[in-house]
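Descriptive analysis of the structure
Each chain, letter by letter, is given below.
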Amino acid sequence: MNTCSENYRLILKHLHRALLRAGRAETDARLLVVSKTWPADALRPLCDLGHRAFGESRLQEAEEKITLLPRALEWHFIGHIQKNKVRRILGHFGILHGVDSLDLARRIDSIAREISSRPGIFLEVNLAAEPSKDGFSPEALRRDFAEIAMLRQARLLGLMTIPPPGDSPEQARPWFRKLKALRDELQSAHGVPLPELSMGMSDDFEIAVEEGSTIVRVGSAIFGSRPA
Ligand SMILES: *Cc1c(COP(=O)(O)O)cnc(C)c1O
């Protein structure tokens, strides 16, 4: 078994242990393997183990990779979504994690209707108001949520965040808690289900799972560090 496959199995084990620690079921959170920058050949051993869900953030690179791999895979777009690329993105990806404005959500919904697709969407929240990051501010999300919740073609899955960088994984915990609290608030204020939380990456996915994550996005802990 190659190193990536071993890493992958170890991550799954840690994911399941974190779920048990948190008193959650083994199926309550799943692993999205972040394969950006890695070639199709790097993904094949994981496909052979039965893994299906991969995350990519660069459209061109992903398009090339997707054509080389089995059709049964499930592709998630985790990068920033440019409005003029929505049509192409929806052609390849069933789930989008970086929906960061009302305008973008509307555009996704209307193009999805044209092409009869039902994309799952996560609303990205920039909890620490970091200028370097995309995402709704919590205030903007509270303001725009009612309209987003009315969109009918896109399937609103939940919220996504990337916490600010910290010195230790534990520093991510309060941000994961804030995302969950915001989800609970929106859910009860609007009576709209937001079943999913996309949070947790290589360094902090176990903490994210303890705080309610339903999908962790893990790249470097499986493939090694990406080329600069
Ligand atoms: C690259 C990326 C990841 C994976 O990060 P790792 O630290 O390599 O696990 C997760 N989420 C997003 C949005 C990313 O861009």
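The structure reproduced in this document is the subject of the present report. (Residues numbered from 1 in each chain as written. Predicted model: local features only at pLDDT ≥ 70, side-chain atom pairs only at ≥ 80, totals over all residues. Heavy atoms only, no water.)

What to know about the pairing of strand E4 (residues 95–99)
- The buried count for E4 comes to 5 of 5 residues, which makes it a mostly enclosed element.
- The sheet contact formed by strand E3 (residues 74–77) and E4 spans 2 bridges and is parallel. Paired with Phe77 across the strands is Leu96, a residue of E4.
- Remark: the E3/helix H4 (residues 86–92)/E4 crossover connection has right-handed handedness.
- Sheet analysis places E4 next to strand E5 (residues 120–124), joined by 3 bridges and oriented parallel. Bridge pairing in E5 places Val99 opposite Leu123. (Buried < 20%, exposed > 50% of the residue type's maximum accessible area, 1.4 Å probe, protein only. Helix = DSSP H or I, 4+ residues; strand = E, 2+ residues; numbered from the N terminus. Pairing = 2+ DSSP bridges. Right-handed = clockwise from strand over helix to strand, strands pointing away.)

Notes on the pattern of salt bridges
- A complete count under the given rule lists 21 salt bridges for this structure.
- Asp41 is the partner of Arg44 in a salt bridge, and the nearest nitrogen-oxygen pair spans 2.1 Å. Placement of both Arg44 and Asp41 in helix H2 (residues 40–48) is noted, with a separation of 3 residues, approximately one turn of the helix.
- The class of Arg44 is partly exposed, set by a relative accessible area of 32%.
- Here Asp41 falls in the exposed class, since its relative accessible area comes to 57%.
- Between Glu61 and Lys65 there is a salt bridge, with the nearest N and O atoms lying 2.7 Å from each other. Taken as a pair, Glu61 and Lys65 lie in helix H3 (residues 59–68) at a separation of 4 residues, close to a single helical turn.
- Classification of Lys65 by relative accessible area gives buried; the value is 4%.
- Among the charged side chains, a salt-bridge network with shared partners connects Arg21, Glu170, Arg173, Arg177, Glu206, Glu210 and Glu211. (Salt bridge = Lys/Arg side-chain N within 4 Å of Asp/Glu carboxyl O.)

Here we look at the site of the ligand
- Surrounding the ligand, one finds Val34, Lys36, Ile78, Met160, Ile162, Met201, Ser202, Arg217, Val218, Gly219, Ser220 and Arg226.
- Note that an oxygen atom of the ligand is positioned 2.8 Å from one of the backbone N or O atoms of Gly219.
- Arg226 places a polar side-chain atom, nitrogen or oxygen, 2.8 Å from an oxygen atom of the ligand.
- Protein burial of the ligand: of its 390 Å² of free accessible surface, 88% is covered by the chains. (Near = heavy atom within 4 Å. Polar contact = N/O pair within 3.5 Å; in protein donor to acceptor, adjacent residues only side chain to side chain. Areas by Shrake-Rupley, 256 points an atom, 1.4 Å probe, with all protein chains shown as cover.)

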